[in-house]
Amino acid sequence: MFQIAVYGKGGIGKSTISANLSVALSDCGKRVMQIGCDPKHDSTRLLLGGRTQTTVLDYVRAVPAGKRRLEDVVVEGSRGILCTEAGGPEPGIGCAGRGILTTFDVLGKLGMDTLDADVRIYDVLGDVVCGGFAVPLRSEYADAVVIVTSGEFMAMYAANNIMRGMRNFDTGSPRLLGVVLNSRGVEGEEE
């Protein structure tokens, strides 16, 4: 399985890029799973016709460990794309980065690897690359990293931090698949 982590500043278009990448790969005959790693839990909404789904973290809070099932948190979206959302803690309580770690642990225990996906795409908030949000940068999760940015200062700042974070998990082989310019039309953006 090939795993791609899509990073960038909040609101820069990661979810749209991730959904389009999922659809394009599915159209090429690949079995795709998209995992939203943002507390807003809106990564897969385009793939689900505008519907939201139960997040893994909400599910863990509501369902005892012995009664949890993978199919309750992995939903098939358009073109057969498998969709799941990590979710996040209640605002001001808990750590969203820790929620990613919990999500990966729960999905692993529920048998995510039995889903027979060819490609797994992680849509990750990248304003801050703290420990939890940096997990998909690790080589066991991401074979490749795509950074979505614009020419705006904060988007470039986040892209730089993400690349610096990648260095911490460098395995000796290049993993930056590309940088996507999601142009916002600001003056001097392409420069």
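Heads up: the structure comes first, above all this text.
This report concerns the structure included in the present document. (Residues numbered from 1 in each chain as written. Predicted model: local features only at pLDDT ≥ 70, side-chain atom pairs only at ≥ 80, totals over all residues. Heavy atoms only, no water.)

Let us now look at the nonpolar core. Counting 32 residues, the largest nonpolar core has Ile35, Leu107 and Val145 as the members making the most contacts within it. Those elements that provide at least two residues to this core are strand 1 (2–8), strand 2 (32–37), helix 2 (56–62), helix 3 (96–109), strand 5 (119–125), helix 4 (131–134), strand 6 (144–149) and helix 5 (153–168). Ranked by residues supplied to this core, first place goes to helix 3 with five residues. Among all residues touching Leu107, those that are not within four sequence positions of it are Ile35, Val56, Leu70, Val73, Val74, Thr84 and Met112. (Core = buried A, V, L, I, M, F, W, Y, C linked by side-chain atoms within 4.5 Å. Buried < 20%, exposed > 50% of the residue type's maximum accessible area, 1.4 Å probe, protein only. Helix = DSSP H or I, 4+ residues; strand = E, 2+ residues; numbered from the N terminus. Contact = heavy atoms within 4.5 Å.)

So, about the side chain of Lys14. Relative to the helices and strands, Lys14 is located in helix 1 (residues 14–27). The side chain of Lys14 sits in the buried core without any salt bridge; Asp38 is the nearest counter-charge, 4.8 Å away. A polar atom in the side chain of Lys14 sits 3.4 Å from the backbone oxygen of Gly8. Setting aside residues no more than four positions away along its own chain, Lys14 makes contact with Val6, Tyr7, Gly8, Lys9, Asp123, Val124, Leu125 and Val148. (Lys, Arg positive; Asp, Glu negative; His and termini not counted. Salt bridge = Lys/Arg side-chain N within 4 Å of Asp/Glu carboxyl O. Polar contact = N/O pair within 3.5 Å; in protein donor to acceptor, adjacent residues only side chain to side chain.)

Bringing the packing of aromatic side chains into the picture now. What the rule picks out here adds up to four aromatic pairs. On the numbers, 6.1 Å between centres and 25 degrees between planes, the contact of Phe153 with Tyr157 is stacked. Of this pair, Phe153 and Tyr157 both sit in helix 5, four residues apart, roughly one helical turn. According to the relative accessible area criterion, Phe153 is exposed, its value standing at 62%. Taking the relative accessible area as the measure of exposure, Tyr157 reaches 42% and is therefore partly exposed. A network of ring pairs unites the aromatic residues Phe104, Tyr122 and Tyr141 as a single cluster. (Phe/Tyr/Trp six-rings, centres within 6.5 Å; stacked < 30°, edge-to-face > 60°.)

Attention now moves to helix 5. For an α-helix, 3.6 residues make a turn, and residues three or four places apart therefore share a direction. Taking 1.5 Å of rise per residue, 16 residues should cover 22 Å, and helix 5 covers 23 Å from first to last C-alpha, within 8% of that figure. Residues Ala155, Ala158, Ala159, Asn161, Ile162, Gly165 and Met166 constitute the buried set of helix 5. Within helix 5, the buried residues cover an arc of 165 degrees as seen down the axis, which keeps them to one side. Exposed residues on helix 5 whose side chains face more than 90 degrees from its buried face are Phe153, Arg167 and Asn168. If you follow the buried residues of helix 5, they end up packed against strand 1, strand 6 and strand 7 (176–181). (Expected span 1.5 Å × (residues − 1). Arc of directions from axis to C-beta.)

Our next topic: the state of the cysteines. Considering all chains together, one arrives at zero disulfides under this definition. With no disulfide of its own, Cys28 lies closest to Cys83 among cysteine sulfurs, the gap being 18 Å. (Disulfide = S-S within 2.5 Å.)

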